[in-house]
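One letter stands for each residue in the lines below.
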Amino acid sequence: PLIALSAAAGAYAVYVIPTDIMQYLVVFFLIAVAIYTFFHKNLGDQGARPLHKHFNLYTIITCIVIGFYDGFFGPGDGAFLIFIFIYLGCDFIKAAGNAKVINCAACIGALIYFGINGAIVWQYALISIPSMMAGAITGSSFALKKGVAFIRPLFMAIVVIMIAKQIYNLF
């Protein structure tokens, strides 16, 4: 509920805050995530480190911040969540699983807010939802079967693609 409420607040912010500033920040943070991940080869390996002693507190704070961000802007939120959970001690698989649950809750919050305000084109949404679910199930299956050796390079590729897309959108 906290995540969904934060996302709804972020969706509300879309109507009152210009997104230009967020686009530059997203590029900066995605580049920082890519560089950090590239130079820390063991990042996200199973058993690489124990869970942070304040894991639960930091997870709540992360949920509020990323929920708001997801409702407001969206791009890169999954990468940020995965990175944060890895930093807090999860391996790539657990980090991706946690990120998906949080992302789903944030999407529900934003969906409710945007739906109430008539800002959804339902003919596209009703096609996208089952397609996204099929992709999520397929991707999750691959991740669980292939493990960290599959997830880490894929994560890096997605972050680089997100950086390129955001830079392209800026210019």
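Residues numbered from 1 in each chain as written. Predicted model: local features only at pLDDT ≥ 70, side-chain atom pairs only at ≥ 80, totals over all residues. Heavy atoms only, no water.

**Concerning the overall build of the protein**
Looking only at helices and strands, the protein features 7 helices and 0 strands. Traced from its N-terminal end to its C-terminal end, the protein shows the element sequence α-α-α-α-α-α-α. Principal-axis analysis of the C-alpha atoms places the extent of the protein at approximately 45 × 35 × 30 Å. A burial count over the protein gives 40% of its 171 residues as buried. Residue pairs in contact within the protein that sit at least 24 positions apart in sequence constitute 79% of those at least 6 positions apart. Counting every atom, the protein has about 10,200 Å² of accessible surface; 74% of that belongs to carbon and sulfur. Computing the positive centroid from 9 side-chain charges and the negative centroid from 5, the protein places the two 10 Å apart. (Helix = DSSP H or I, 4+ residues; strand = E, 2+ residues; numbered from the N terminus. Buried < 20%, exposed > 50% of the residue type's maximum accessible area, 1.4 Å probe, protein only. Contact = heavy atoms within 4.5 Å. Areas by Shrake-Rupley, 256 points an atom, 1.4 Å probe, with all protein chains shown as cover. Lys, Arg positive; Asp, Glu negative; His and termini not counted. Charge placed at Lys NZ, Arg CZ, Asp CG, Glu CD.)

**Things to note about the packing of helix α1 (residues 2-14) against helix α5 (residues 92-116)**
Where α1 meets α5, the axes come as close as 7 Å, and the angle between the chain directions of the two elements is 45°. For the element pair α1 / α5, the angle class is oblique. Every pair of crossing elements has a handedness; the one defined by α1 and α5 is right-handed. Counted together, I3, A4, A7, A8, A11, Y12 and V14 of α1 and I102, A105, A106, G109, A110, Y113 and F114 of α5 form the full contact between these two elements. Grouping the constituent residues of the contact of α1 with α5 by class yields 13 nonpolar, 1 polar and no charged. (Axes fitted to C-alpha atoms, helices over the stretch in contact; angles between N-to-C directions. Parallel < 35°, antiparallel > 145°, perpendicular 65-115°, else oblique. Left-handed = near helix turned anticlockwise from the far one by under 90°. Nonpolar A, V, L, I, M, F, W, Y, C, P; charged D, E, K, R; others polar.)

**As for the nonpolar core**
Within soluble globular proteins, side chains that are nonpolar tend to cluster in buried spots. In terms of nonpolar packing, the biggest core is built from 44 residues, with L30, I82, F85, F92, F155 and V159 touching the most fellow members. If you list the elements that add at least two residues to this core, you get α1, α2 (20-39), α3 (55-72), α4 (77-87), α5, α6 (122-146) and α7 (148-170). Residues in contact with F155, not counting those within four places in the same chain, are V33, T37, A79, I82, F83 and F92. (Core = buried A, V, L, I, M, F, W, Y, C linked by side-chain atoms within 4.5 Å.)

**Structural notes on α4**
Within α4, 9 of the 11 residues are buried, which leaves the element mostly enclosed by the surrounding structure. Here α4 has its buried residues at D77, G78, A79, F80, L81, I82, F83, F85 and I86. Those residues of α4 that are buried are in contact with α2, α3, α5 and α7. At the C-terminal side of α4, G89 shows a positive phi close to 120°.

Interpretation note: all reported values are geometric properties and have no functional meaning in isolation.
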